[in-house]
Amino acid sequence: MTDTLVQQRVRNRIMELLDWFSDKSEFGSAISNIEMWEDWVQDNKPDSFEQPVFTAEEIVSLYPVSLAWEAISLETKQTDIE
């Protein structure tokens, strides 16, 4: 399996996840959706994705999600400690 094919499959899972994030009917499973981000975006680094698999617009759009995930992740870890 080529690196490009693997990246295309990862991209497809990320796009599905972003659809779930934006779907109000799926909001009840938001925590599991957030946890899936970590499954597909290694080390929360969207800059690891490159063209042509991801479009330039997709790469830019992943950054706000990454920042939100980081904030939620840090908040969750703080809550777990208490």
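Notes on the structure in this doc start here. None of the values given here were measured: they were computed from a predicted structure.

### Points about the pattern of salt bridges
Piece 1. Throughout the structure, instances matching the rule amount to two salt bridges.
Piece 2. Of the charged contacts in the structure, one is a salt bridge between Glu-16 and Arg-13, with a shortest N-O distance of 3.0 Å. Of this pair, Glu-16 and Arg-13 both sit in helix α1 (residues 3-22), separated by three residues, roughly a single helical turn.
Piece 3. On the basis of relative accessible area, Glu-16 is assigned to the partly exposed category, the value being 33%.
Piece 4. Classification of Arg-13 by relative accessible area gives partly exposed; the value is 29%.

Thresholds, definitions, all that
Residues numbered from 1 in each chain as written. Predicted model: local features only at pLDDT ≥ 70, side-chain atom pairs only at ≥ 80, totals over all residues. Heavy atoms only, no water. Salt bridge = Lys/Arg side-chain N within 4 Å of Asp/Glu carboxyl O. Helix = DSSP H or I, 4+ residues; strand = E, 2+ residues; numbered from the N terminus. Buried < 20%, exposed > 50% of the residue type's maximum accessible area, 1.4 Å probe, protein only.

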